[in-house]
Amino acid sequence: MAERLVIRMSRSLTEPVPEPVWPAGIRLAAFEPDRHAEKIHTLLAGAYAQGGGYVEPFAIWWPSLRDNSEYDPTLVFVAADEQGEIVGVAQCWTSAFVKDLAVASSMRRQGLGSALLHQAFHAFRKQGAVSIGLKVEADNPSGALRLYRSLGFEEVESYRLA
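Residues numbered from 1 in each chain as written. Predicted model: local features only at pLDDT ≥ 70, side-chain atom pairs only at ≥ 80, totals over all residues. Heavy atoms only, no water.

(A) Expanded view of the overall build of the chain. Regarding its fold elements, the chain presents four helices and seven strands. Overall, the chain is about 40 × 40 × 35 Å in size when its C-alpha atoms are taken along their principal axes. The burial tally for the chain puts 45% of its 162 residues in the buried class. Sequence separation of 24 or more characterises 71% of the internal contacts of the chain that already satisfy a separation of 6 or more. Carbon together with sulfur atoms contributes 49% to the accessible area of the chain, which is approximately 8,600 Å² in total. Computed over 16 positive and 19 negative side-chain charges, the inter-centroid distance for the chain is 3 Å. (Helix = DSSP H or I, 4+ residues; strand = E, 2+ residues; numbered from the N terminus. Buried < 20%, exposed > 50% of the residue type's maximum accessible area, 1.4 Å probe, protein only. Contact = heavy atoms within 4.5 Å. Areas by Shrake-Rupley, 256 points an atom, 1.4 Å probe, with all protein chains shown as cover. Lys, Arg positive; Asp, Glu negative; His and termini not counted. Charge placed at Lys NZ, Arg CZ, Asp CG, Glu CD.)

Right, here's the structure in full:
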């Protein structure tokens, strides 16, 4: 595997944040682990297939996520279309950290990533967090870095992973 440049970013939550604006036909759905975990894993695998990240096979990914001390199912923000298909997810840790953000390729550049992140901003502000963080690979082909910067995230540090 080639060396990757990872950027750690942070965004202040001290100022009011916009309400999420969901694309037409998309709604926030309550995360139901038994119904949604495998579908979310499939979405993540598809999102990372072109680069920008990696997700372990489901049999490894789900137990390691579910059993992590920072996992809270109320911090898994799921976007679904009118047929109930999952088209986006923001999986966050209790430390006000976005572990994964994935949007189906057919839904990109329609505001869904922004809506999911605004939902996370509100959840963490409500809990009293003063900032929210995430990591992104510098060469992520999905436009994630551009999205994060447009929403006020700033680079905290960068480092290389082999």
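After presenting the structure, the write-up continues.
(B) Broad picture of the layout of surface pockets. Of the voids in this model, the largest pocket is the one considered here, and its volume is about 980 Å³. Taken together, 43 residues line the largest pocket, and the ones lying closest to its centre are Y48, G52, D100, K135 and N140. Among the elements of the structure, strand 1 (4-12), helix 1 (33-48), helix 2 (58-66), strand 5 (97-103), helix 3 (112-126), strand 6 (131-137), helix 4 (144-150) and strand 7 (154-161) are those that each provide at least two residues to the lining of the largest pocket. Broken down by element, the lining of the largest pocket gets its largest block of residues, seven residues, from strand 5. The class makeup of the residues in the lining of the largest pocket is 22 nonpolar, 12 polar and nine charged. (1 Å grid on protein atoms, 1.4 Å probe; cavity = no way out; pocket = protein on both sides within 12 Å on 5 of 7 lines; lining within 4 Å. Points joined across faces, edges and corners; volume = space filled by probe spheres on them. Nonpolar A, V, L, I, M, F, W, Y, C, P; charged D, E, K, R; others polar.)

(C) Broad picture of helix 3. Compared with an ideal rise of 1.5 Å per residue, which puts 15 residues at 21 Å, helix 3 spans 21 Å between its outermost C-alpha atoms and is within 8% of the ideal. Of all 15 residues in helix 3, 12 are buried; the element is thus mostly enclosed. Buried within helix 3 are the following residues: L112, G113, S114, A115, L116, L117, H118, Q119, A120, F121, A123 and F124. G128, located one to two residues past helix 3, shows a positive phi value of around 95 degrees. (Expected span 1.5 Å × (residues − 1).)

(D) Geometry of the side chain of H36. Along the chain, the position of H36 falls in helix 1. Excluding residues within four positions of it along the chain, H36 makes contact with A30, F31 and I86.

(E) Main features of the pairing of strand 4 (residues 86-93). Across the eight residues of strand 4, eight count as buried, placing the element largely inside the fold. Two strands pair when backbone bridges link them, and strand 3 (residues 76-80) and strand 4 are joined in this way by five bridges, in the antiparallel orientation. Within strand 4, the position partnered with A80 by the bridge is I86. In sequence, strand 3 turns back onto strand 4 through a hairpin of five residues, with G84 there showing a positive phi of about 85 degrees. In terms of strand pairing, strand 4 meets strand 5 through six bridges, oriented antiparallel. Bridged to A90 within strand 5 is L101. Between strand 4 and strand 5, which follow one another and run antiparallel, lie three residues, and A96 among them has a positive phi close to 60 degrees. (Pairing = 2+ DSSP bridges.)

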